[in-house]
Amino acid sequence: MSIHQFTRALDLVSDKTSGECSLLTLRTFLFVAKRGKCTQKDVELELKISNAAASRNVSWWTDRRYDRQQGMNFIERVEQDADRRFKELTLTAQGKKFYAELLEVMKG
């Protein structure tokens, strides 16, 4: 990937998120997008962050952020019936569209 492609990808993220997305928050989205389906615990372990940080960064991409603000609605978080501590994560239709746009920009 060229620096131009990288810059265009960052510009897309900035445009979609009004410039509010941190690198860790973006890494969270990309991890879920790449996996297709995972748990919040997977995010915590893979990104080597605390449970609170994983929850906060995942919620940023859901319909309602941790601070009760409107989220991006790019990730759906569903509590598992057997154990509510485990949250299954998948991309919403909007999240899949954004991920496809991001991949397209990175291709050049």
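Look up: the structure comes first, before these words.
Anyway, here's the lowdown on the structure attached to this text. Because the structure is predicted, anything quoted here is derived from the model rather than measured.

Some thoughts on the packing of aromatic side chains
- If you walk through the whole model with that rule in mind, you get eight aromatic pairs.
- Seen from their ring centres, Trp60 and Trp61 are 5.0 Å apart, and the 75° between their planes marks the pair as edge-to-face. Considered together, Trp60 and Trp61 belong to a single accessibility category, that of buried residues.
- Here the aromatic rings of Trp61 and Phe74 are separated by 5.8 Å at their centres, their planes lie at 20°, and the arrangement is stacked. Here Phe74 lies in the loop between helix H4 (51–61) and strand S2 (75–79) and Trp61 lies in helix H4, a separation of 13 residues in the sequence.
- When its relative accessible area of 0% is taken as the criterion, Trp61 is described as buried.
- Taken together, Phe29, Trp60, Trp61, Phe74, Phe98 and Tyr99 form an aromatic cluster joined through their ring pairs.

Some thoughts on helix H3 (residues 40–47)
- Along H3, the positions that sit buried rather than exposed are Gln40, Val43, Glu44 and Leu47. All buried residues of H3 project into a common sector of 100° when viewed along the axis, lining one side.
- Its buried side turned inward, H3 meets helix H2 (23–35), strand S1 (37–39), H4, S2 and strand S3 (87–91).

A closer look at the side chain of Arg65
- Examined against the element boundaries, Arg65 turns out to sit in the loop between H4 and S2.
- By relative accessible area, which is 16% here, Arg65 ends up buried.
- Among the polar contacts listed, one links the side chain of Arg65 to the side chain of Glu20, at a separation of 3.3 Å.
- At 2.8 Å, the side chain of Arg65 forms a polar contact with the side chain of Asp67.
- With residues near it in sequence (within four places) discarded, Arg65 still touches Glu20, Ser59, Trp60, Gln70 and Gly71.

Notes on H2
- Over its 13 residues, H2 extends 18 Å from the first C-alpha to the last, a length consistent with the 18 Å expected when each residue adds 1.5 Å.
- Three or more residues of H2 are buried, namely Thr25, Leu26, Thr28, Phe29, Phe31, Val32 and Ala33.
- Remark: Gly36 follows H2 within two positions and exhibits a positive phi of approximately 85°.

Brief notes about the pairing of S3
- Across the five residues of S3, four count as buried, placing the element largely inside the fold.
- One ladder, built from five bridges, connects S2 with S3; its direction is antiparallel. Bridge pairing in S3 places Glu76 opposite Thr90.

Focus: the pattern of salt bridges
- Taken as a whole, this structure holds eight salt bridges when the rule is applied.
- A salt bridge links Asp42 to Arg35; the shortest N-O distance between them is 3.7 Å.
- For Asp42, a relative accessible area of 24% puts it in the partly exposed group.

Here is what the cut-offs are and how they apply
Residues numbered from 1 in each chain as written. Predicted model: local features only at pLDDT ≥ 70, side-chain atom pairs only at ≥ 80, totals over all residues. Heavy atoms only, no water. Phe/Tyr/Trp six-rings, centres within 6.5 Å; stacked < 30°, edge-to-face > 60°. Buried < 20%, exposed > 50% of the residue type's maximum accessible area, 1.4 Å probe, protein only. Helix = DSSP H or I, 4+ residues; strand = E, 2+ residues; numbered from the N terminus. Arc of directions from axis to C-beta. Contact = heavy atoms within 4.5 Å. Polar contact = N/O pair within 3.5 Å; in protein donor to acceptor, adjacent residues only side chain to side chain. Expected span 1.5 Å × (residues − 1). Pairing = 2+ DSSP bridges. Salt bridge = Lys/Arg side-chain N within 4 Å of Asp/Glu carboxyl O.

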